Amino acid sequence: LEPVRAALRAQVFHSLNQKNLARPQLSTENMIINELIRDYLEHNHYFHTADVLRHEAGQPEEHVPRSMLASELRFHCRDSQLPLLYGIVAFLRDDTGSSA
């Protein structure tokens, strides 16, 4: 039932947004930020929230590959099972300056 509710919410939101002014073109920075957030949301099983984010932000359905995100950020995360956002937070909290 939850997936149906989420799909319904996303569709309603999508329909409402079509009546609003056109949103600005998605910049590279916003695309990267949105993908980092989307990866985090899906990793933590917030699939409905991730779907609404994708629709609201105008993100493409296909994910930007993790390797491309890491390359754009010039960031290497040792744990490939965790979203890059976790590695970035760990890096910023680490006094030694080494990546996660």
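Reading the values: rules and limits
- Residues numbered from 1 in each chain as written.
- Predicted model: local features only at pLDDT ≥ 70, side-chain atom pairs only at ≥ 80, totals over all residues.
- Heavy atoms only, no water.
- Axes fitted to C-alpha atoms, helices over the stretch in contact; angles between N-to-C directions.
- Helix = DSSP H or I, 4+ residues; strand = E, 2+ residues; numbered from the N terminus.
- Parallel < 35°, antiparallel > 145°, perpendicular 65-115°, else oblique.
- Contact = heavy atoms within 4.5 Å.
- Nonpolar A, V, L, I, M, F, W, Y, C, P; charged D, E, K, R; others polar.
- Expected span 1.5 Å × (residues − 1).
- Buried < 20%, exposed > 50% of the residue type's maximum accessible area, 1.4 Å probe, protein only.
- pLDDT = per-residue confidence, 0-100.

Concerning the packing of helix 2 (residues 28-43) against helix 5 (residues 84-93)
A pair of packed helices is characterised by two quantities: the angle between their axes and the separation of those axes. The geometry of helix 2 relative to helix 5 is characterised by a closest axis approach of 8 Å and an angle of 105 degrees between their N-to-C directions. Classified by the angle their axes make, helix 2 and helix 5 are roughly perpendicular. Contacts between helix 2 and helix 5 pair Leu36, Asp39, Tyr40 and His43 from the former with Leu84, Leu85, Tyr86 and Ile88 from the latter. Here the contact of helix 2 with helix 5 is built from residues that sort into six nonpolar, one polar and one charged.

Description of helix 2
Between its first and last C-alpha atoms helix 2 spans 22 Å; for 16 residues at 1.5 Å apiece the expected length is 22 Å, and the two agree. All of the buried residues along helix 2 are Ile32, Asn34, Glu35, Leu36, Arg38 and Leu41. Against helix 3 (47-57), helix 4 (66-73) and helix 5 lie the buried residues of helix 2. Phi turns positive, to about 65 degrees, at His45, one or two residues after helix 2.

Some remarks on the environment of Glu42
Relative to the helices and strands, Glu42 is located in helix 2. By relative accessible area, which is 26% here, Glu42 ends up partly exposed. Along the chain, Glu42 and Pro83 lie 41 residues apart, while their C-alpha atoms are 9.2 Å from each other. In this structure, Glu42 is in contact with Phe47, Ala50 and His63, ignoring residues within four places of it in sequence.

Things to note about the confidence of the model for the protein chain
Per-residue pLDDT for the protein chain averages 85, and the proportion of residues at 70 or more is 87%. Ranking the elements of the protein chain by mean pLDDT puts helix 1 (residues 2-19) last, at 76, and helix 2 first, at 95.

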